[in-house]
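# Notes for the structure review
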Amino acid sequence: MAGTMRSEKNLERIDSSHPGGVGGSPIRPDGNLKVRGEFAYGSDLWAEDMLWGMALRAPHARARIRSVDITGALALPGVYAVLTHEDVPGDKFYGLEIADQPALAIDQIRYHGEAVAIVAADHPETARRALDRIVVDYEPLEPIWTEEQCLDPETHGHVHAPDEYRAHASGNVVHRQRIVSGQGVTDELRARAHAVVRGEYRVGMQDQAFLGPESGLAVPAEDGGVDLFVATQWLHADQRQIAPVLGLPAEKVRLTLAGVGGAFGGREDLSMQIHASLLALRTGRPVKIVYSREESFFGHVHRHPAVLRYEHGATADGRLLYCDARIVLDGGAYASSSPAVVGNAASLGMGPYEIPNTRMEAVALYSNNPPCGAMRGFGAVQACFAYEAQMDRLAAELGLDPVEFRRRNAMHEGSVMPTGQVVDSAAPVAEILRRVKALPLPPALDTSAPDVRALPGALSNTSHGEGVVRGVGYAVGIKNVGFSEGFDDYSTARVRLEVIGGEPVATVHTAMAEVGQGGVTVHGQIARTELGVERVAIRPADTAVGSAGSTSASRQTYMTGGAVRAACAAVRAAVLARGRARYGWAQPDGDLALAGGKVVAAGAGVLAGVADLLGDEVVEETRVFRHRPTEPFDPETGQGFGHVQYSFCAHRAVVDVDVELGLVRVVELAAAQDVGRAIHPQSVVGQIQGGSTQGLGLALMEEVLVEAGKVRNPSFTDYLIPTILDTPPQPVDVLELADPHAPYGLRGAGEAPTLSSTPAVVAAIRAATGLPLDRVPVRPEHLTGT
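A few points on the structure. Fair warning: this is a prediction, and the values are worked out from it, not measured in the lab. (Residues numbered from 1 in each chain as written. Predicted model: local features only at pLDDT ≥ 70, side-chain atom pairs only at ≥ 80, totals over all residues. Heavy atoms only, no water.)

## Focus: the sheet that holds strand β9 (residues 135–140)
On the basis of which strands lie adjacent, the open sheet formed by three strands has the order β7-β3-β9 and antiparallel pairing. Every interior strand has two partners, whereas the edge strands, β7 (108–109) and β9, have only one. When strand β3 (residues 63–69) meets β7, the two strands line up antiparallel, connected through two bridges. Counterpart to Arg64 in the pairing with β7 is Gln108. (Pairing = 2+ DSSP bridges. Helix = DSSP H or I, 4+ residues; strand = E, 2+ residues; numbered from the N terminus.)

## Notes on the pairing of strand β4 (residues 79–83)
Regular strands place their side chains on alternate faces of the sheet. In terms of burial, β4 is largely enclosed, as four of its five residues are buried. Of the pairings in the sheet, the one linking β4 to strand β8 (residues 115–121) comprises four bridges and is antiparallel in character. The residue of β8 that forms the bridge with Val82 is Val119. (Buried < 20%, exposed > 50% of the residue type's maximum accessible area, 1.4 Å probe, protein only.)

## A closer look at the packing of aromatic side chains
Throughout the structure, instances matching the rule amount to twelve aromatic pairs. On the basis of an interplanar angle of 70 degrees and a centroid distance of 6.4 Å, the ring pair of Trp234 and Phe487 is categorised as edge-to-face. A residue pair is termed long-range when its members are at least 10 positions apart, and Trp234 in the loop between β13 (226–230) and α6 (235–246) and Phe487 in the loop between β19 (468–481) and β20 (490–500) qualify at 253 residues. Phe487 sits in the partly exposed class, given a relative accessible area of 42%. Taken together, Trp234, Phe483 and Phe487 form an aromatic cluster joined through their ring pairs. Residue placement shows Lys34 over the ring face of Phe39; its charged tip is 4.8 Å from the ring centre. (Phe/Tyr/Trp six-rings, centres within 6.5 Å; stacked < 30°, edge-to-face > 60°. Lys NZ or Arg CZ within 6 Å of the ring centre and 35° of its normal.)

## Quick look at the nonpolar core
Side chains of a nonpolar character, in soluble globular proteins, are inclined to be buried together. Counting residues in each nonpolar core, the largest one holds 87 residues, and the members touching the most others are Tyr310, Ile327 and Val761. Residues Ala55, Ile118, Ala513 and Val515 belong to the second largest nonpolar core, which totals 45 residues. (Core = buried A, V, L, I, M, F, W, Y, C linked by side-chain atoms within 4.5 Å.)

## Focus on the pattern of salt bridges
Under the criterion given, the structure shown has 54 salt bridges. Across the pair Arg779 and Glu781 runs a salt bridge whose closest N-O atoms are separated by 3.9 Å. The structure contains a network of salt bridges with shared partners spanning Glu147, Arg176, Arg178, Glu200, Arg202, Arg309, Arg326, Glu361 and Glu636. (Salt bridge = Lys/Arg side-chain N within 4 Å of Asp/Glu carboxyl O.)

## Describing the side chain of Glu703
The residue Glu703 is located in the loop between α16 (681–700) and β29 (706–707) in this model. Polar side-chain contacts of Glu703 include one of 2.6 Å to the side chain of Arg779. With residues up to four places along the chain from it excluded, the contact list for Glu703 reads Gly204, Met205, Asn713, Tyr719, Arg775, Pro777 and Arg779. (Polar contact = N/O pair within 3.5 Å; in protein donor to acceptor, adjacent residues only side chain to side chain. Contact = heavy atoms within 4.5 Å.)

## Regarding the sheet that holds strand β11 (residues 195–203)
In space, the six strands of this open sheet follow the order β10-β18-β17-β16-β11-β32, with mixed pairing throughout. Each end of this open sheet is capped by a strand with a single partner; those strands are β10 (173–181) and β32 (775–776). Both β11 and β32 contribute to a ladder of two bridges, which runs parallel. When the sheet's bridge partners are listed, Arg202 is paired in β32 with Arg775. Most of the contacts of helix α9 (residues 338–348) go to β10, to which it runs at about 20 degrees, and overall it touches β10, β17 (320–332) and β18 (357–366). Each of β11, β16 (306–314), β17 and β32 is contacted by helix α10 (residues 380–398), which is oriented at about 150 degrees to β11, the strand it contacts most. (Axes fitted to C-alpha atoms, helices over the stretch in contact; angles between N-to-C directions.)

## Digging into the environment of Met50
Mapped onto the secondary structure, Met50 falls in the loop between α1 (31–36) and β2 (51–57). Sequence separation between Met50 and Ile242 is 192 residues, and the spatial gap between their C-alpha atoms is 21 Å. When residues no more than four places from it in sequence are discounted, the contact partners of Met50 are Leu45, Leu217, Arg285, Pro286 and Lys288.

## Some details on the environment of Glu534
Note on placement: Glu534 falls in the loop between α13 (519–531) and β22 (535–538). Residue Glu534 is classed as exposed on the basis of its relative accessible area of 51%. With 213 residues separating them along the chain, Glu534 and Leu321 place their C-alpha atoms 56 Å apart.

## As for a nonpolar patch on the surface
Taken together, Leu459, Ile724 and Leu725 make up a surface patch of nonpolar side chains, about 390 Å² in accessible area. Its location among the elements puts Leu725 in the loop between β30 (710–711) and β31 (732–737). (Patch = residues over 30% accessible without salt bridge, like charges linked within 9 Å, V, L, I, M, F, W, Y side chains within 5 Å. Areas by Shrake-Rupley, 256 points an atom, 1.4 Å probe, with all protein chains shown as cover.)

## Focus on the packing of α16 against helix α17 (residues 752–769)
Their axes nearest at 7 Å, the elements α16 and α17 cross at an angle of 45 degrees. The angle between α16 and α17 places the two elements in the oblique class. Our pair here, α16 against α17, has a crossing hand that is right-handed. On the side of α16, the interface is formed by Gln687, Ile688, Gly691, Ser692, Gln694, Gly695, Leu696, Leu698, Ala699 and Leu700, while α17 contributes Pro753, Thr754, Ser757, Thr758, Val761, Val762 and Ile765. For the contact of α16 with α17, the residue count by class is nine nonpolar, eight polar and no charged. (Parallel < 35°, antiparallel > 145°, perpendicular 65-115°, else oblique. Left-handed = near helix turned anticlockwise from the far one by under 90°. Nonpolar A, V, L, I, M, F, W, Y, C, P; charged D, E, K, R; others polar.)

In structure tokens, the structure reads:
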């Protein structure tokens, strides 16, 4: 991939030189198993007498359900249950933020692929045959699937509009957020601007494209409850939604994390959890559900497609004067996390720039398209594509270098967001732009005797260098970290210290979903650092311990890492208290540490062995960690301390474009990012490179194609994602500028690179071709005019 550089400032020094502690890069405990193909994922789950569950999915984007006949399916040998909405014992609806989605369709279909009925059978093929025997009488309706339909000028999708104009009885608007700062945007400001640039930009629907499909196993329990083993991102949020639908108290719905094969936001919402649990409780037997790849495209939310309209004004000396913007997000059939996505798009939609006067409106709409929700970058990705295109256009209008124009307007520590929030930790926007531009450029393309493997089209041998031009583009983005807008964001950790085999061993128990981000590694690092032990065990994540929140929003190292650190500190204090009681130590806690399995005093050396202090006794502590509180944005002005932390990443893309064939090869995708503190430096680089690759996918190839509400490419044959042949070298410059408000000074790192990578790649293509390119993904026909 390419080398890594690190620079640091004001780092909190950790009193531990353990290579497996904070700041080291120990091997992931699950790494070898995954490399060898021996790791157990959710789709590998098995139980004696297990049945297989499947869902019947609607072939229409919008329809009324006149009747459902399940008699033919029930008569099939090997079928143990066929359930419809009439068999749901509790609440009919659930939802991550708004309970608007039925567990099984009731009287209407709102999107292509919505579940109508579920079956449990003794073999997957029997279950498939049973689905074929279910007869549903549909009355197809005209779907609402465009912005114009959702916001018809006569009806605006309001609750008082006729039914044919409304995707939901409440109207077509899920959530709206306005932001106004300074003077807002006035004609007087426009008149003062030396350069005014307007643009409309479009972002297609991107899929998370995780390789492990939705999967889980529900096991009925003797107490009338259910034990659910599932690949998810948030165990307690699943529990909160599942229990009311099953008509059970939360304590009777117990969840344990199964092996997760990627997530990126697509597992924040429920998929098969309720269906498997309903079938298990009805049949009294374990029920396993594993989606096919096609069903996975129907069974989880996607990134919101967006239409973004921006107007910027700047002074003659290259200073931004105002920004006027409107972002319309297609939320699809159900709300999912659309309200929070709208909040992010609005509050971060001006970019990492100082703009004294702003006006923004972001809105998410209901439609009969597939539901959209969380995906890496969460509303900020769409906005970044638009505002960075605007920055390039303004720089060209003013005759300025695009990086210099950005640096001239860059946010810094002490800057004020359009929401009125002061950025009170490092915001090195100008510095990461400087650094990424200063990185050496890759060698120029040899057009006299090119290696076809290095050309657009690569091994397909479509080009030999004729018509190939090179371009370089830059972009920078801003992303929040953690849950925002007054959400009670917390995480829980339980840490146990005991003596096993004559040495102290720490056990860490949280409900954090390990989805590939490396949280289990980080928890071990923190325990080794704080408790000075060599051996750390990580218990499986489940709902037997308090919530760890979602593995999303770049929050887990900050939040659950903070909880593990707090629990370790409580364990350490208890160990020291025992030492004081036994030996009468007089040193304050600040002069004592646990290191190498010993209690060590500053200036006095080893005082005692931890194993000797504990003996047969166990020390166990549970702690809840919260970040500093945030507050909701004012609905009309958007003012408020809405975010706990900001993360910044800049990219430089180098591309070769075959302008005759419309093919693009990304030659290099370099990044510079501030991570506050690299807890696991190797993983940090992996996160940046992985996020950058997903951004490259959005720039060039990834889009769920929807026509009149119907998905046209639900497979990895037709939905393309970058392979290793599409992934270029990715040099990464990691800055470590500590955030004084965060554990160890760290800054969430996983999402920010997904923002700026997409506009950097497109900016490079614009530089190579001179084309405006206001939509992603960029397709060959956009480059050739065909």
